[in-house]
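Each chain is listed here by its residues.
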Amino acid sequence: MSLEEYKGVYIFAQQVDNEISTIALELLGKAKDLAKDLDEKVTAILCGSEVGSLAGKLGEYGADRVIVVDDPELKEYRTEPYAHALASVVKEFKPEILLVGATAIGRDLGPRVSARIHTGLTADCTSLEIGDFPINAIPGQEQKHNQLLMTRPAFGGNTIATIACPEFRPQMATVRPGVMQKIAPIADANPEIINYNPGFEKNDCYTEILKVVKEVSNVANIADAKILVSGGRGVGSAENFKLLDDLAEVLHGTVSCSRAVVDNGWKPKELQVGQTGQTVRPHVYFAIGISGAIQHVAGMEESDIIIAINKDENAPIFDVADYGIVGDLNKILPELTKSLKAALEAKGQTA
Ligand SMILES: Cc1cc2nc3c(=O)[nH]c(=O)nc-3n(C[C@H](O)[C@H](O)[C@H](O)COP(=O)(O)OP(=O)(O)OC[C@H]3O[C@@H](n4cnc5c(N)ncnc54)[C@H](O)[C@@H]3O)c2cc1C
């Protein structure tokens, strides 16, 4: 493998029902940073059926180029045709870096493609940057420059590992939704569009979709919330979450929780923040009766403002909090909700 032939930062632009998934825009935001460091271009790979019209949006969010693989076989996500499409694009265009969202689709697709093209993939990265590898030079070992340094929690979140793929290309990583930030749309973006179809021949691995049944959920999407009122085991019971509901209502926020709360059956898994839950980045994150375990913090530490309420002044959550209130949440929350409601009403903003 001649590594020099591989150029540019590529992302897999996931679409579902011909709508670009937010993760694709987040990956473009990160790809732009990486491409700037490498003095390269950003390419989005868009696979689907009759998806050409979506290319413009990818340009708006940072793609210099969009490779469109448009074929009826790609109408709904199926492992085999999508893996064939993406692996074929890699073989043809030779990206240096390929980012895929760690969504249900990306988790299925990424590893299969990396195996087909014989390269490494680092899953669930929380940070990506360009740098030297090994990070600190080791006597007698070549230090390679401009490598993709892929950082992710390891050993159940007890340590953070930085991984590189210096011998193979592309360097592949999956990134969970909510971890990277999309850029503000570029008004006059005009990405280059390349139509590419590798041809699709059905084989034994092609599945047939008989029926698509959409899950109907009335649970809030915490990843999109601007204000999250998050509760932990310290809340004490499912019923006591009423205190958090009241605060969330006044602030037009959304209630979320720690894993302990889900394990206790107080709230559904969709509301869990953290390493095995969702990664969130709201403007304000209330951590109420949450100790601040590393696996929880991994999912919320990028919030703009973190406000912790805990009766234990030594709780680790205070290490990441911008504001901390030490005390019993049962006493603090009703007072806080009442004061905020009065303040908002005084300002003429209905609570
Ligand atoms: C592989 C792995 C993945 C994990 N993934 C996740 C994840 O995605 N998300 C996650 O959250 N956890 C995750 N965990 C679990 C994590 O390690 C912690 O066990 C969990 O976050 C603890 O939840 P908690 O803070 O609600 O409960 P606790 O750790 O029990 O903390 C409760 C806190 O409430 C405070 N408190 C109690 N009563 C009051 C009161 N009346 N007023 C004010 N404060 C009070 C206590 O002082 C304490 O700090 C994971 C663990 C592993 C091993």
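The structure displayed is predicted, hence computed values, not measured ones.

Cut-offs applied
- Residues numbered from 1 in each chain as written.
- Predicted model: local features only at pLDDT ≥ 70, side-chain atom pairs only at ≥ 80, totals over all residues.
- Heavy atoms only, no water.
- Near = heavy atom within 4 Å.
- Polar contact = N/O pair within 3.5 Å; in protein donor to acceptor, adjacent residues only side chain to side chain.
- Areas by Shrake-Rupley, 256 points an atom, 1.4 Å probe, with all protein chains shown as cover.
- Helix = DSSP H or I, 4+ residues; strand = E, 2+ residues; numbered from the N terminus.
- Nonpolar A, V, L, I, M, F, W, Y, C, P; charged D, E, K, R; others polar.
- Buried < 20%, exposed > 50% of the residue type's maximum accessible area, 1.4 Å probe, protein only.
- Phe/Tyr/Trp six-rings, centres within 6.5 Å; stacked < 30°, edge-to-face > 60°.
- Axes fitted to C-alpha atoms, helices over the stretch in contact; angles between N-to-C directions.
- Parallel < 35°, antiparallel > 145°, perpendicular 65-115°, else oblique.
- Left-handed = near helix turned anticlockwise from the far one by under 90°.
- Contact = heavy atoms within 4.5 Å.
- Salt bridge = Lys/Arg side-chain N within 4 Å of Asp/Glu carboxyl O.

A. Region of the structure containing the site of the ligand. By nearness alone, 25 residues border the ligand, and Arg233, Ser258, Thr276, Ser291 and Asn310 come closest of all. Here a nitrogen atom of the ligand sits 2.8 Å away from a polar atom, N or O, in the main chain of Val273. Interatomic distance of 3.3 Å between a backbone N/O atom of Gly277 and an oxygen atom of the ligand. Considered on its own, the ligand offers 990 Å² of accessible surface; in the complex 77% of this is hidden by protein. Taken together, the elements giving at least two residues each to the shell around the ligand come down to helix 6 (259-263), helix 7 (294-297) and helix 9 (329-346). When its residues are assigned to classes, the shell around the ligand shows five nonpolar, 15 polar and five charged.

B. Structural detail: the environment of Val212. Along the chain, the position of Val212 falls in the loop between strand 12 (192-195) and strand 13 (227-231). Since its relative accessible area comes to 49%, Val212 is described here as partly exposed. Sequence separation between Val212 and Ile290 is 78 residues; the distance between their C-alpha atoms is 38 Å.

C. Quick peek at the packing of aromatic side chains. Throughout the structure, instances matching the rule amount to three aromatic pairs. For the ring pair Tyr77 and Tyr82, a centre distance of 5.0 Å and an interplane angle of 55° mean the geometry is tilted. Relative to Tyr196, the ring of Phe93 lies with its centre 5.4 Å away and its plane at 85°, an arrangement referred to as edge-to-face. Of the two residues, Phe93 is situated in helix 3 (residues 79-93) and Tyr196 in the loop between strand 12 and strand 13; the sequence distance between them amounts to 103 residues. An aromatic cluster is present here, built from Phe12, Tyr77 and Tyr82 joined pairwise through their rings.

D. Just the packing of helix 5 (residues 242-251) against helix 9, in detail. Contact geometry of helix 5 with helix 9 gives a least axis separation of 9 Å together with a crossing angle of 20°. As summarised for this structure, helix 5 and helix 9 are arranged roughly parallel, according to the angle between their axes. At the point where helix 5 passes helix 9, the crossing takes the left-handed sense. Note on element contacts: helix 9 touches helix 5 through Leu329, Asn330, Leu333, Pro334, Leu336, Thr337, Leu340, Lys341 and Leu344, opposite Leu243, Leu244, Asp246, Leu247, Val250 and Leu251. For the contact of helix 5 with helix 9, the class distribution of residues is eleven nonpolar, two polar and two charged.

E. Just the pattern of salt bridges, in detail. Scanning all chains against the criterion turns up eleven salt bridges. Asp33 is the salt-bridge partner of Lys30, the closest N and O atoms lying 3.9 Å from each other. In this pair, Lys30 and Asp33 both sit in helix 1 (residues 22-38), three residues apart, roughly one turn of the helix. You can call Lys30 buried: its relative accessible area is 16%. Owing to a relative accessible area of 43%, Asp33 belongs among the partly exposed residues under this scheme. For Lys242, the salt bridge identified is with Asp246, shortest N-O distance 2.8 Å. Within this pair, Lys242 and its partner Asp246 are both found in helix 5, separated by four residues, close to a single helical turn. Exposure remark for Lys242: the relative accessible area of 48% places this residue in the partly exposed category. A single salt-bridge network, built from bridges that share partners, covers Glu73, Arg78 and Lys202.

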